[in-house]
Amino acid sequence: MPDAGQRNVAVVLSGGGINGVLLELGFLKRLRESALWERLGWIYGTSAGALSGTMAALDRLDDLEEFVLRLQPEEVFRPRRLWQFPGGLHDYTLPETIAERIGDALELGAALVTSPVELVVFATDVSVHDESEGTRHYELAYSSREETAETMGRALLASAAVSGLVLPISVDGVIATDGGWVRNFPLEHAYHNPGVGSIVAFRYIASYKPTDVAFLVRTRHRLERFRAVPPVRSLLAELRLAEERVARGEPAHYAEMIIRLMRVAIARNTVLEERLATERETSVTELRRLRSEVLEAALAAAPRRRRDELRAELEEIFASASFPFRHERHVPTVVVRATPGDSGLDPTFRSDEPWPDERKRALIERGYRLTDDALSAATDLGP
């Protein structure tokens with residue numbers, strides 16, 4: 001077992017629902033076969049990445065695979081009878097399923113706080129606050145090195161509570177929900193960790209199916225027999241309007257509008273996270289080049305007797321410069337990006353649409369293969 005000094009690799013896992021968990025499982029299985037696994041010191045995960053990251057930090061990927069291959073939609077989100085339209089409110093049944101098959105929140109939290117790999121999960125703060133200062137960032141970060149077992153267990157469930165479908169939960173008195181709203185791809189946190197020497201990240205790129213118009217049509221046809229009842233007539237009219245909206249490419253109802261906005265927010269903060277990392281690495285490279293060229297030009301123009309003193313002065317000027325990133329530090333990074341493709345499972349979590357075993361295995365294999373390609377191409381992840 002490597003000591004703490006040898007653990008200098010961070011893994012970053014994004015959100016992505018059931019498709020994300022399966023792709024991340026393939027990613028992690030391939031990573032486990034590499035030399036990087038023994039150097040793993042930190043995992044940063046949000047939503048699906050919080051669950052995948054938990055099982056990776058505990059070195060229980062085989063248990064995770066058994067769990068997801070058995071998992072079905074109603075064991076994650078059970079639709080309430082009053083809200084059985086796509087995107088309606090659901091009961092969050094995943095905690096019960098996890099407790100039954102993997103371990104309850106307290107057990108998982110207790111194992112995490114003793115793991116040699118630090119797990120950091122992210123959630124969104126939706127508590128009521130005084131907004132007079134306007135400085136709150138609404139991000140909640142929970143580290144297995146800093147939190148109690150109970151808090152870590154609750155934080156894991158909060159991070160994975162998809163807020164377009166389920167209600168938030170309380171973590172130490174804070175109302176928390178899906179971390180994807182504020183930090184879907186926590187790459188920045190890995191960069192800010194001074195102990196991290198290399199980063200291997202997985203970013204899920206979502207693809208969404210259009211609204212199930214057939215479901216709306218079936219519902220309308222079932223209600224037609226009761227059209228003499230005034231409230232039913234009103235509902236039938238709304239269903240027809242919903243079908244017309246879908247035909248125009250518009251949200252069928254307000255619930256779907258919320259889901260679309262959630263997707264926009266998550267996609268945007270994910271893209272910005274990766275863009276910021278890229279721009280920072282470019283700045284590091286350019287600053288190193290600028291420093292070298294300035295030193296070279298200045299020393300070449302200075303009298304020989306002044307060169308040592310001038311070098312020290314210029315080094316001090318560069319060292320004192322203040323930037324919002326560690327400008328002396330390059331962090332080799334590999335990002336695996338994956339979409340579910342044709343094997344993607346239904347993201348609406350409709351209980352009458354089972355998740356086939358062969359499609360789950362195809363997603364795991366897809367994540368594995370893409371990671372294998374990325375690791376084969378990587379040249380600077382270092383020892």
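Since we're looking at a predicted model, the values are computed, not measured. (Residues numbered from 1 in each chain as written. Predicted model: local features only at pLDDT ≥ 70, side-chain atom pairs only at ≥ 80, totals over all residues. Heavy atoms only, no water.)

Q: Is there a simple way to explain the overall build of the protein chain in this structure?
A: Of the regular secondary structure elements, the protein chain holds 13 helices and ten strands. Within the protein chain, the proportion of its 383 residues that are buried is 50%. Across the protein chain, every contact between residues at least 6 apart in sequence was considered, and the portion connecting residues at least 24 apart equals 74%. Accessible area for the protein chain stands at about 19000 Å²; split by element, carbon and sulfur atoms hold 55% of it. (Helix = DSSP H or I, 4+ residues; strand = E, 2+ residues; numbered from the N terminus. Buried < 20%, exposed > 50% of the residue type's maximum accessible area, 1.4 Å probe, protein only. Contact = heavy atoms within 4.5 Å. Areas by Shrake-Rupley, 256 points an atom, 1.4 Å probe, with all protein chains shown as cover.)

Q: It is not clear to me how the confidence of the model for the protein chain should be interpreted in this structure. Could you clarify?
A: Residues shown with low pLDDT carry predicted positions that ought not to be read at fine detail. This prediction gives the protein chain a mean pLDDT of 87; 89% of its residues lie at or above 70. Mean pLDDT per element in the protein chain: strand β4 (residues 90-92) is the minimum at 66, and strand β1 (residues 9-13) is the maximum at 98. Of the regions scoring below 50 in pLDDT, residues 82-88 engages in 16 contacts with residues more than four places distant in sequence or in other chains. (pLDDT = per-residue confidence, 0-100.)

Q: I keep staring at unusual backbone geometry and nothing clicks. Help me out?
A: Unlike most non-glycine residues, D59 shows phi in positive territory, near 55°. The residue D59 is located in the loop between α2 (48-57) and α3 (61-70) in this model. Since its relative accessible area comes to 47%, D59 is described here as partly exposed. Positive phi values are uncommon outside glycine, yet D172 reaches one of about 55°. Among the structural elements, D172 can be located in the loop between β7 (169-171) and β8 (174-178).

Q: I'm lost on the pattern of salt bridges in this one. Help?
A: When their charged atoms lie close together, side chains carrying opposite charge are able to pair. Summed over all chains, the structure comprises 21 salt bridges. In this structure, R60 engages D63 in a salt bridge whose closest nitrogen and oxygen atoms are separated by 2.8 Å. Put simply, R220, E224, R227, R240 and E243 are held in one network by salt bridges that share partners. (Salt bridge = Lys/Arg side-chain N within 4 Å of Asp/Glu carboxyl O.)

Q: What's the story with the packing of helix α1 (residues 17-32) against helix α13 (residues 357-377) in this structure? I'm lost.
A: The packing of two helices is summarised by the inter-axis angle and the distance between the axes. At a minimum axis separation of 7 Å, α1 and α13 run at an interaxial angle of 45°. With respect to each other, α1 and α13 are oriented oblique. Crossing of α1 over α13 shows right-handed handedness. Residues N19, L22, L23, L25, G26, F27, K29, R30 and L31 of α1 lie in contact with α13, whose contacting residues are K360, L363, I364, R366, G367, Y368, T371, D372 and L375. (Axes fitted to C-alpha atoms, helices over the stretch in contact; angles between N-to-C directions. Parallel < 35°, antiparallel > 145°, perpendicular 65-115°, else oblique. Left-handed = near helix turned anticlockwise from the far one by under 90°.)

Q: Any chance you could explain the packing of aromatic side chains here in plain terms?
A: All told, the structure shown has one aromatic pair when counted by the stated rule. With a centroid separation of 5.6 Å and 55° between ring planes, the pair formed by F27 and F202 is classed as tilted. In this pair, F27 sits in helix α1 while F202 sits in strand β9 (residues 198-204), placing the two residues 175 residues apart along the sequence. Residue F27 shares its accessibility class with F202, and that shared class is buried. Above the plane of the ring of Y191 lies R280, whose end atom (NZ or CZ) is 4.0 Å from the centre. (Phe/Tyr/Trp six-rings, centres within 6.5 Å; stacked < 30°, edge-to-face > 60°. Lys NZ or Arg CZ within 6 Å of the ring centre and 35° of its normal.)

Q: How do you make sense of the pairing of β8 when you look at a structure like this?
A: It is a general feature of regular strands that their side chains alternate between the two faces of the sheet. Summarising the sheet, strand β5 (residues 118-125) and β8 pair through three bridges and their orientation is antiparallel. Paired with T124 across the two strands is T177, which belongs to β8. The pairing of β7 with β8 spans three bridges and is antiparallel. Counterpart to S170 in the pairing with β8 is I175. Following β7, the chain reverses through two residues before pairing antiparallel with β8; D172 in that reversal takes a positive phi of roughly 55°. (Pairing = 2+ DSSP bridges.)

Q: Before we go on, may I ask you to explain the environment of L40 in this structure?
A: Tracing the sequence through the fold places L40 in strand β2 (residues 40-46). As for L40 and Q6, which are separated by 34 residues in sequence, their C-alpha atoms are 8.5 Å apart. Discounting residues that sit within four places of it in the chain, L40 has contacts with R7, V9, V11 and V117.

Q: Mind showing me how you'd approach the packing of α1 against α3 here?
A: Close contact between α1 and α3 brings their axes to 11 Å; oriented N to C, the two are set at 155°. Considered as vectors, α1 and α3 are oriented roughly antiparallel to each other. Once α1 is placed against α3, the crossing between them reads as left-handed. For the pair α1 and α3, contact is made by V21, L22, L25, L28, K29 and R32 and by L61, D62, L64, E65 and V68, respectively. Its residues placed into classes, the contact of α1 with α3 shows seven nonpolar, no polar and four charged. (Nonpolar A, V, L, I, M, F, W, Y, C, P; charged D, E, K, R; others polar.)

Q: Please clarify how the side chain of E281 should be interpreted in this entry.
A: Counting through the fold element by element, E281 comes out in helix α11 (residues 254-301). The buried charged residue E281 lacks any salt bridge, with R280 as its nearest oppositely charged partner at 4.9 Å. Of the polar contacts made by the side chain of E281, one reaches the side chain of H330; its length is 2.5 Å. If near-sequence neighbours (up to four positions away) are discounted, E281 is found in contact with Y191, R329, H330 and V331. (Lys, Arg positive; Asp, Glu negative; His and termini not counted. Polar contact = N/O pair within 3.5 Å; in protein donor to acceptor, adjacent residues only side chain to side chain.)

Q: In this structure, what is going on with the pairing of strand β6 (residues 139-143)? I would like to understand it.
A: The buried fraction of β6 is high, at four of five residues. Sheet analysis places β5 next to β6, joined by five bridges and oriented antiparallel. From the neighbouring strand, V120 faces β6, where its bridge partner is S143.

Q: Can you help me understand helix α10 (residues 230-247) in this one?
A: Two residues of an α-helix separated by three or four positions point the same way, owing to the 3.6 residues in each turn. Taking 1.5 Å per residue as the helical rise, α10 with its 18 residues ought to reach 26 Å, and the 26 Å between its terminal C-alpha atoms agrees with that figure. Residues of α10 that are buried: V232, L236, L239, A242, E243 and V246. Seen along its axis, α10 keeps its buried residues to an arc of 115°; they face one direction. Of the residues flanking the end of α10, it is G249, one or two places downstream, whose phi is positive at about 85°. (Expected span 1.5 Å × (residues − 1). Arc of directions from axis to C-beta.)

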